[in-house]
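# Overview (structure and organization)
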Amino acid sequence: MDSYDIKDISLAKAGSERIEWAEKDMPVLRKIRQRFEKTKPLQGLIIGACLHVTTETANLAITLKKGGAKLFLCASNPLSTQDDVAASLVKHHKISVFAIKGEDNKIYYSHINRVIDAKPDITMDDGADLVSTIHTKRKNCLKNIIGGTEETTTGVIRLKAMAKDHELKYPIIAVNDAMTKHFFDNRYGTGQSTIDGIVRATNRLIAGSTFVMAGYGWCGRGIANKARGSGANVIVTEVDPVKALEAKLDGFRVMKMIDAAKQADFVCTSTGDINVVDKQHFKVMKNECILCNSGHFNVEINIEALENLAKSKKELKNFVSEYNLGNKRIYLLAGGRLINLSAAEGHPACVMDMSFANQALSAEYLVENASNLEPDVFTISEKIDKEIASIKLDEMGVEIDKLTKEQKKYLESWSLGT
Ligand code: ADE
């Protein structure tokens, strides 16, 4: 088989058992896999994927391979790789994986470059590091590429900025923008796995705490609701007046970060922007405030400013760094990287099932349609979204009503009033 770079191949058995466990809760992807196995829509294609290397991603990778693609996979975050999963993909599925949990930035980018070396026809990205490396440092690979997909909000924002500057050179499907992706993965997936990551890293009680949620996008909404469900007193901070109003009417306290920081036991960021928690906020925080991030990049908490303020720093335990500011201690989880994928296992398979069904169907769509698409960012068709939701409901044993002919006609006409 082709080359790979993983932590330890002997972890493969444990990885394979966990991949199988995730698969049980991914019925939509399973159905697509069964069809792909017969029809081979991706036959002969090379897919370069930069995704979190988890049990759920493994199930996507296996599906793409069954569809006829050859897959090269690297991590989309230095801390999110599940080393046993990487080992199983290499050993049991002969998929080239370049990912090691805890890899430094240099190795992270060298792994991205190993994927680009494979000359992909399609890119599958989560955060747009693969696409941006191709467009800046590996432009000679652009000629092979027919299209790509992007998994996450941050990546879609980056790609839209590239398209606006006419720098994007091939069409990319924004999987994130599918309703069956962000309604469920971003909200329920990030919500549950972020609280899971905080609890696994700290074993602190959420109930009765003051939990500050920075950002009320789909992820922030999910996290704030799960924190409230765990008994926290939740404060939301926002810059968008509409989202702030929504948070207020959802029953949360809404205020500026400088006021929220004074009260916080936990501060969690998920805004997609830089320095949302900064020097002035660290200064007013209480002793033992816990900081973490659930946005894609580790830029939301100004770690440099925290380092500069601190008199000393120590690694207290796995994923917990203690900063001693003299008059108080502040704890940063997972170095400000995605807490849900660093300290926990990422989103549950049940929601990744729909996200990755969108990925697989988007790859198939690109094979059929990429030659008619301009270099731009595209949304998945409503038809695919509805199809995924219908299969999911069906697998859950939920039946819903159908419009009658009369109702359909009523909705299509504009002349009927009261
Ligand atoms: N992003 C968030 N959770 C994930 C998971 N479990 N697998 C892959 N990507 C993810």
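Conventions adopted
Residues numbered from 1 in each chain as written. Predicted model: local features only at pLDDT ≥ 70, side-chain atom pairs only at ≥ 80, totals over all residues. Heavy atoms only, no water. Phe/Tyr/Trp six-rings, centres within 6.5 Å; stacked < 30°, edge-to-face > 60°. Helix = DSSP H or I, 4+ residues; strand = E, 2+ residues; numbered from the N terminus. Buried < 20%, exposed > 50% of the residue type's maximum accessible area, 1.4 Å probe, protein only. Disulfide = S-S within 2.5 Å. Contact = heavy atoms within 4.5 Å. Near = heavy atom within 4 Å. Polar contact = N/O pair within 3.5 Å; in protein donor to acceptor, adjacent residues only side chain to side chain. Areas by Shrake-Rupley, 256 points an atom, 1.4 Å probe, with all protein chains shown as cover. Core = buried A, V, L, I, M, F, W, Y, C linked by side-chain atoms within 4.5 Å.

## Here's the deal with the packing of aromatic side chains
Under the criterion given, the structure shown has six aromatic pairs. Each ring, one from Phe183 and one from Trp218, has its centre 5.0 Å from the other, and the planes form 40 degrees; the classification is tilted. One end of the pair, Phe183, is in helix H8 (residues 179–202); the other, Trp218, is in helix H9 (residues 218–229), with 35 residues separating them in the sequence. Taking the relative accessible area as the measure of exposure, Phe183 reaches 26% and is therefore partly exposed. What makes Trp218 partly exposed here is its relative accessible area of 29%. Seen in terms of ring centroids, Tyr216 and Phe252 are 5.8 Å apart; in terms of plane orientation they differ by 70 degrees. Their pairing is edge-to-face. Of this pair, Tyr216 sits in the loop between strand E7 (210–214) and H9 while Phe252 is found in the loop between helix H10 (241–249) and strand E9 (253–254), placing the two residues 36 residues apart along the sequence. One exposure class covers both Tyr216 and Phe252, and it is buried.

## Description of the state of the cysteines
Scanning all chains against the criterion turns up zero disulfides. Of all cysteine sulfurs, the one in Cys74 lies closest to Cys141, which takes part in no disulfide; the gap is 13 Å. Of the cysteine sulfurs around Cys292, a residue in no disulfide, the closest is that of Cys268, at 3.8 Å. Among the residues examined, Cys292 registers a relative accessible area of 1% and is labelled buried.

## Some words on the environment of Ile195
With respect to the element layout, Ile195 can be found in helix H8. Ile195 sits 128 residues away from Tyr323 along the chain, and the two C-alpha atoms are 22 Å apart. In this view, Ile195 contacts Ile206, Phe211, Ile223, Lys226, Ala227 and Ser230; residues no more than four positions away in its chain are not counted.

## Here's the deal with the site of the ligand
All residues adjacent to the ligand are His52, Thr54, Glu56, Thr57, Leu341, Glu345, Gly346, His347, Met352 and Phe356. One of the side-chain N or O atoms of Thr54 is found 2.6 Å from a nitrogen atom in the ligand. With respect to the ligand, the side chain of Glu56 contributes an N or O atom lying 2.9 Å from a nitrogen atom. Its free accessible area being 260 Å², the ligand has 95% of it covered by the protein chains. Of all the secondary-structure elements, those providing two or more residues to the shell around the ligand are helix H3 (55–66) and helix H15 (349–369).

## Re the nonpolar core
Counting 52 residues, the largest nonpolar core has Leu42, Ile47, Val53, Leu60, Leu64, Leu89 and Val97 as its most contacted members. Looking at this core, the element that brings in the most residues is H15, giving nine residues. Membership of the second largest hydrophobic core comes to 26 residues, among which are Ile195, Ala201, Ala224 and Ala232.

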